[in-house]
Amino acid sequence: QVQLVESGGGSVQAGDSLRLSCAASGRAFRTYVMGWFRQAPGKEREFVGAISWNDYTNYSNSVNGRFTISRDNSKTTVYLQMNSLRPEDTAVYYCAASHTFSPSLDGYDYWGQGTQVTVSS
């Protein structure tokens with residue numbers, strides 16, 4: 001019912017910024033919580049942050065306040081603004097949709113294909 005497509009990834013240097021986008025389609029999308037996750041080489045997929053249907057946000061401590069999630073007025077696109085990027089931020093970044101607010105992978109019903117972010121020192 002929901003299709004998610006990430007974009008905006010790329011290769012940058014430490015200290016640079018990137019903004020990722022997640023375009024969504026589906027009749028019930030506006031009622032979903034949208035989460036961002038990332039998976040670095042050799043590591044488990046981890047929660048980055050999420051935004052609720054009423055625009056409440058929450059973040060993992062791992063991003064140290066450097067990342068911001070937002071949603072456009074139509075709520076068809078969500079964004080992940082990443083500032084002061086570090087090499088350890090290198091990962092494939094995924095957006096996902098859930099009916100509940102949760103940092104758990106199990107709570108999300110739909111996933112995007114992922115977009116690669118590479119940060120060089």
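Here the structure is a predicted model, which means the values were calculated and not measured.

Asker: With reference to specific residues and values, describe the side chain of R71.
Answerer: Relative to the helices and strands, R71 resides in strand 7 (residues 67-71). Buried charged residue R71 carries no salt bridge. Nearest counter-charge: D55, at 4.8 Å. A distance of 3.2 Å separates the side chain of R71 from the backbone oxygen of Y32, its partner in a polar contact. Of note is the side chain of R71, whose polar atom sits 2.9 Å from the backbone oxygen of S52.

Asker: Please give an account of the pattern of salt bridges that cites residues and values.
Answerer: Oppositely charged side chains can pair when the atoms bearing their charge come close. Scanning the model with the defined rule gives three salt bridges in all. R38 is the salt-bridge partner of D89, the closest N and O atoms lying 2.9 Å from each other. Taken together, the residues span a long stretch of sequence, with D89 in the loop between strand 8 (77-82) and strand 9 (91-98) and R38 in strand 4 (residues 33-39) at a distance of 51 residues. Neither residue differs from the other here; D89 and R38 are each classed as buried. As a salt-bridge pair, R66 and D89 come within 2.8 Å of each other at their nearest N and O atoms. Highlighted residues: R66 in the loop between strand 6 (57-59) and strand 7 and D89 in the loop between strand 8 and strand 9, separated in sequence by 23 residues. No difference in accessibility class separates R66 from D89, as the two residues are buried. Shared partners join several salt bridges into a network, and the residues in it are R38, E46, R66 and D89.

What counts and how
Residues numbered from 1 in each chain as written. Predicted model: local features only at pLDDT ≥ 70, side-chain atom pairs only at ≥ 80, totals over all residues. Heavy atoms only, no water. Helix = DSSP H or I, 4+ residues; strand = E, 2+ residues; numbered from the N terminus. Buried < 20%, exposed > 50% of the residue type's maximum accessible area, 1.4 Å probe, protein only. Lys, Arg positive; Asp, Glu negative; His and termini not counted. Salt bridge = Lys/Arg side-chain N within 4 Å of Asp/Glu carboxyl O. Polar contact = N/O pair within 3.5 Å; in protein donor to acceptor, adjacent residues only side chain to side chain.

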